[in-house]
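# Coordinate inspection notes
One-letter residues, chain by chain:
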Amino acid sequence: MSNYIQDFAVRLLPVQKQSPNGWMTFDCPACVHNGEPSRDTKKRMGLMLDPSGSIRYHCFRCGYVCGWLPGQSLNSKLRNLFTWMGASKDDIQQAILECLRIKQNYSQEKIQDQKQIQETKEANLPQHSLSFTELASMDKVPSKFLTALDYLQSRSEKLIQWFDDFYWSNELPEHIIIPLRYHSHIYGWTARLAREQKNKNEPKYYLNNESKFLFNAELLDNPDTNYIILVEGPLDAIALGGVAIMGNQITDKQLKWLNMSDKQIIVLPDKDAGGQKLIDEALKYGWYISMPQLSTNNAKDGLDLVNEFGRLMAVKMIIDNAIDNPLKIGIERKKWS
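Report on the accompanying structure. Note that the structure is predicted; figures quoted are calculated from it, not measured.

Reading the values: the criteria
Residues numbered from 1 in each chain as written. Predicted model: local features only at pLDDT ≥ 70, side-chain atom pairs only at ≥ 80, totals over all residues. Heavy atoms only, no water. Helix = DSSP H or I, 4+ residues; strand = E, 2+ residues; numbered from the N terminus. Buried < 20%, exposed > 50% of the residue type's maximum accessible area, 1.4 Å probe, protein only. Contact = heavy atoms within 4.5 Å. Areas by Shrake-Rupley, 256 points an atom, 1.4 Å probe, with all protein chains shown as cover. Lys, Arg positive; Asp, Glu negative; His and termini not counted. Charge placed at Lys NZ, Arg CZ, Asp CG, Glu CD. Pairing = 2+ DSSP bridges. Phe/Tyr/Trp six-rings, centres within 6.5 Å; stacked < 30°, edge-to-face > 60°. Core = buried A, V, L, I, M, F, W, Y, C linked by side-chain atoms within 4.5 Å. Axes fitted to C-alpha atoms, helices over the stretch in contact; angles between N-to-C directions. Parallel < 35°, antiparallel > 145°, perpendicular 65-115°, else oblique. Nonpolar A, V, L, I, M, F, W, Y, C, P; charged D, E, K, R; others polar. Polar contact = N/O pair within 3.5 Å; in protein donor to acceptor, adjacent residues only side chain to side chain.

With that settled, the discussion passes to the overall build of the protein chain. Scanning the protein chain from terminus to terminus reveals 12 helices and 15 strands. Based on the C-alpha atoms only, the size of the protein chain along its principal axes is roughly 75 × 45 × 35 Å. By residue count, 50% of the 337 residues in the protein chain fall in the buried class. When contacts within the protein chain are restricted to residue pairs at least 6 apart in sequence, long-range pairs at least 24 apart make up 59% of them. Taken as a whole, the protein chain presents about 17,500 Å² of accessible surface, with 48% of it coming from carbon and sulfur. Taken as two groups, the 40 positive and 40 negative side-chain charges of the protein chain have centres that lie 6 Å from each other.

Counting buried positions over the 5 residues of strand E3 (residues 45-49) gives 4, a clear majority of the element. Both E3 and strand E4 (residues 55-59) contribute to a ladder of 5 bridges, which runs antiparallel. Bridged to Met45 within E4 is Cys59. Count of turn residues in the E3/E4 antiparallel hairpin: 5 residues, of which Gly53 carries a positive phi of about 110°.

Moving on, we get to the packing of aromatic side chains. For the structure on display, the rule yields 16 aromatic pairs. Both rings, one in Tyr57 and one in Phe82, keep their centres 6.3 Å apart while their planes meet at 80°; by these two values the pair is edge-to-face. With Tyr57 in strand E4 and Phe82 in helix H2 (residues 76-84), the pair connects residues that are 25 residues apart, well separated along the chain. Note on Tyr285 and Trp287: the rings are 5.2 Å apart at their centroids and 50° apart in plane angle, and the pair reads as tilted. The residues Tyr285 and Trp287 share a single accessibility class, namely buried. Through pairs of rings, three or more aromatic residues link up here, namely Phe132, Phe145, Phe163, Phe166, Trp168 and Phe215.

Moving on, we get to the nonpolar core. Judged by nonpolar contacts, the single largest core of 65 residues is most densely connected at Phe132, Phe166, Phe215, Leu230 and Trp287. Residue contacts for Phe132: discarding those within four places in its chain leaves Phe145, Leu149, Leu152, Ile160, Phe166, Tyr167, Trp168 and Ile176.

So, about the packing of helix H9 (residues 273-285) against helix H12 (residues 326-336). Axis separation between H9 and H12 bottoms out at 11 Å; the angle between their running directions is 175°. Classified by the angle their axes make, H9 and H12 are roughly antiparallel. For the pair formed by H9 and H12, the contact residues are Gln276, Ile279, Asp280 and Leu283 on the first element and Pro326, Ile329, Arg333 and Trp336 on the second. Of the residues belonging to the contact of H9 with H12, the class tally is 5 nonpolar, 1 polar and 2 charged.

Restricting attention to buried positions, one finds in helix H10 (residues 302-309) the residues Gly302, Leu303, Asp304, Leu305 and Val306. Summarising the contacts, the buried residues of H10 are in contact with helix H5 (143-155), helix H6 (159-162), helix H7 (234-240) and helix H11 (311-320).

Another aspect to go through is the side chain of Asp301. Looking at the secondary structure, you find Asp301 in the loop between strand E14 (288-290) and H10. A polar contact is formed between the side chain of Asp301 and the backbone nitrogen of Leu303, at a distance of 3.3 Å. Residues in contact with Asp301, not counting those within four places in the same chain, are Arg155, Asp236 and Asp270.

Glycine aside, residues mostly have negative phi angles, and peptide bonds mostly take the trans form. Its identity is not glycine, yet His128 carries a phi of approximately 65°, on the positive side. Note on placement: His128 falls in the loop between helix H3 (89-118) and strand E6 (130-131). Taking relative accessible area as the criterion, His128 reaches 53% and is therefore assigned exposed. A positive phi angle, near 65°, is found at Met246, a position not held by glycine. Looking at the secondary structure, you find Met246 in the loop between strand E12 (243-244) and helix H8 (252-260).

Let us now look at the sheet that holds strand E1 (residues 17-18). An order of E1-E2-E3-E4-E5 is seen for the 5 strands of this open sheet, with the pairing classed as antiparallel. Whereas interior strands pair on both sides, the edge strands pair on one side only; in this sheet they are E1 and strand E5 (65-68). Relative to E3, strand E2 (residues 24-26) runs antiparallel, the two sharing 3 bridges. When the sheet's bridge partners are listed, Phe26 is paired in E3 with Met45. Across the sheet, helix H1 (residues 4-11) lies against E2, E3, E4 and E5, angled at about 35° from E4, the strand it touches most.

On to the pairing of strand E8 (residues 175-182). Of all 8 residues in E8, 7 are buried; the element is thus mostly enclosed. Two elements, E8 and strand E9 (residues 185-193), share 7 bridges in a ladder whose sense is antiparallel. Considered in E9, the bridge of Ile178 is made with Thr190.

So, on to the environment of Leu303. Summarising the element assignment, Leu303 is placed in helix H10. Overall, Leu303 belongs to the buried group, its relative accessible area being 0%. A sequence separation of 247 residues divides Leu303 from Arg56, and the C-alpha atoms of the two residues are 31 Å apart. Residues in contact with Leu303, not counting those within four places in the same chain, are Arg155, Ser156, Leu159, Leu235, Asp236 and Ala239.

Dropping the structure here:
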C-alpha cells in the first residue's frame, strides 16, 4: 500500500518509462546542480517505490542519490530534488507534515510488528539434540558426529571459535543443526548437510521453519552496527558476522524486519544461480549489492571469501565493493554468475 510521500513523488514525475527491474526513469533534474555541464536528456534518473513504503532516487549520470523510509523526516537532499522537480514551498511543507503523521503511525506499526515477531511460535530442536560441547565431553563420542565435525572444520577451523551453538542429533546423523535464536529463544532451526552432495538435487540445508526466521537477527537490534551483511546461509553469516535469510528469496516478514532496523543492508549473493535470484531480490528493494573479486573459480560465497582473505579484510572488501547503481550491478552480475 502506498503512502502520501510515494504518491507525491509519482505526481511530480515528468514523462518517464518503466524499466524491467521496477525503476521509473526520467530526465534527471539534479545534474545541473550536481556538477554536470548540461541537463540530462537521456532519462538517467531512476525512482524506485518499495512495497514497504520507501522511495529511492538514483541518477546514473551525476550520481545524485536520496531516499526516504517511513518513520524518517524529509531530508534536505530529497527536499531539493522535489523543488527541482517543480514542487512549491507549500508542497514541501505539506510533505514535511505528512512525514510527521506517517512517523507517528509507523511507530505504532513498528511496535505491532515487533510484537508479532516476539509472538512467533517457538520451536524445539530435533529429538536427542546435543550441543557440540556436550558431545565432546562424552566418554564415547558418536562416530557420525565426528564425521560431521570433521566436515565443519574442513570448511573452516574458526567456525567453532566464532559460534558456539552448533548441535548434532542421531535423528539427523549426517547434518549439523543450527538453531535460529532471537534473544535466547529458538524460533526454528536448520540442518546443514555435513558432507558433499551426492547430486545437485540433494538439498544442502533442511529448514524446519516455513516462515524462514532470520539467522543472527539480534544484529538488527545492535545500536553499534551500521551495516548488515545479508547472505543466504548461516555458515556465511557466522564467518562474516552477518544475517542470513535461509535461502535466496526474502519473505514479507523478513523484509519488514530488515527495514525496521534502519541499517544499511549490503547483500552478498552466492556465486551461483541462487545468488542471481538474491540479486533480483536486492534490486527490487533498492539495497546495496557487493560482488568482491574472488581469486579462484571454486570460491563462491562469504565463507570462501573469509577463508581466502581473513575475516576483517573480507568484511572491508564487501563494504568497499557495495554498489546500488542498477546499471553497474547489471554489468557486475554477469561476471558473478
